[in-house]
Amino acid sequence: MNQFKKKLALVVIGGLIFSSCGGDDGESSDSSAPVATSATGVTEPLSTEPSDPIDVLYQECLDNGAQVNLIALPDEWANYKGILQSFRDKYPGVKNPVADTDASSAEEMAALATLAGHDDKPAHVDVSPALAQEMV
């Protein structure tokens with residue numbers, strides 16, 4: 001189960017990063033299935049299996065009761081409200097409760113230590129690089 005939580009954390013972190021970097025530039029994408037055209041001009045659908053590693057991890061997460069526990073992500077700080085909404089829109093079905101939105105870095109560290117081995121242990125924290133080194 002620990003390996004699953006690590007993969008789920010990667011999906012969440014990747015989603016948070018990608019959703020925070022992207023913008024709506026008005027371009028639309030073709031959502032139809034990809035196709036391949038042979039030398040004879042015959043068009044055949046490509047496999048619909050997810051090939052993007054994030055998509056594969058997302059599906060694995062859904063298959064395993066996807067939930068990622070977050071802590072200390074206040075809505076008004078670093079656009080967490082918008083980032084989390086983008087994540088929820090992009091990855092529906094992944095629960096992502098945020099515990100103690102006003103927790104300090106010390107409280108985040110304490111939560112990691114005291115909740116080790118529990119299902120509600122935070123999978124993501126937002127601390128300074130120096131504190132992250134200490135936590136590792």
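Per chain, residues are indexed from 1 in the order of the written sequence. For a predicted model such as this one, the threshold for reporting local features is a pLDDT of at least 70, and the threshold for listing and counting side-chain atom pairs is 80 or more; totals across whole chains, interfaces and linings nevertheless cover every residue. To obtain the side-chain values, all non-hydrogen atoms of the structure were included, while hydrogens and water were left out.

1. Some points on the environment of W77
Counted only if it meets this: In DSSP terms, a helix is any run of H or I states spanning at least four residues, a strand is any run of E spanning at least two, and both are numbered starting from the N terminus. When a residue's accessible area, from a 1.4 Å probe over protein chains only, is under 20% of the maximum for its type it is buried; when over 50% it is exposed; and in between it is partly exposed.
With respect to the helices and strands, W77 occurs in the loop between β3 (70–71) and α3 (80–90). Take W77: its relative accessible area is 45%, and that puts it in the partly exposed class. Spatially, the C-alpha atom of W77 lies 10.0 Å from that of T101, the residues being 24 residues apart in sequence.

2. Structural notes on α3
Put simply, the rule reads: Taken from the helix axis, the directions to the C-beta atoms give the arc we talk about.
The set of residues buried in α3 consists of Y80, I83, L84 and F87. End-on view of α3: buried residues confined to an arc of 95 degrees, all on one side of the axis. For α3, exposure combined with an orientation more than 90 degrees from the buried face picks out K81 and D89.

3. Things to note about the environment of H124
Following the sequence through the fold, H124 ends up in the loop between α4 (105–114) and α5 (129–135). Judged by its relative accessible area of 16%, H124 is buried. In this structure the C-alpha to C-alpha distance between H124 and V98, which are 26 residues apart in sequence, comes to 9.8 Å.

4. A closer look at the confidence of the model for the chain
Close inspection of predicted coordinates is inappropriate for parts of the model with low pLDDT. Quick reminder of the rule: Think of pLDDT as the predictor's per-residue confidence, scored from 0 to 100. In what follows, residue pairs with any heavy atoms lying within 4.5 Å of each other are defined as contacts.
Confidence along the chain averages 77 in pLDDT terms, with 63% of residues attaining 70 or more. Confidence drops under a pLDDT of 50 for residues 18–33, and excluding neighbours within four residues, the segment shows four contacts in the predicted structure.

5. A look at the nonpolar core
The criterion, for reference: Residues belong to one nonpolar core when they are buried, are Ala, Val, Leu, Ile, Met, Phe, Trp, Tyr or Cys, and are joined through side-chain atoms within 4.5 Å.
By size, the foremost hydrophobic cluster in this structure holds 12 residues: I54, Y58, C61, A66, V68, L70, L73, Y80, L84, F87, Y91 and V94. Contributions of two or more residues to this core are made by α2 (53–63) and α3.

6. A few points about the side chain of N69
Counted only if it meets this: By the criterion applied in these results, polar contacts are pairs of N or O atoms within 3.5 Å in which, for protein atoms, one can donate a hydrogen and the other can accept it, and in which residues neighboring in sequence qualify only through two side-chain atoms.
With respect to the helices, strands and loops of the structure, N69 is situated in the loop between α2 and β3. Residue N69 is classed as buried on the basis of its relative accessible area of 10%. Within polar-contact distance, the side chain of N69 engages the side chain of Q67 at 2.8 Å. Those residues within four positions of N69 in sequence are excluded, and the remaining contacts are P97, D119, D120, K121, P122, A123 and H124.

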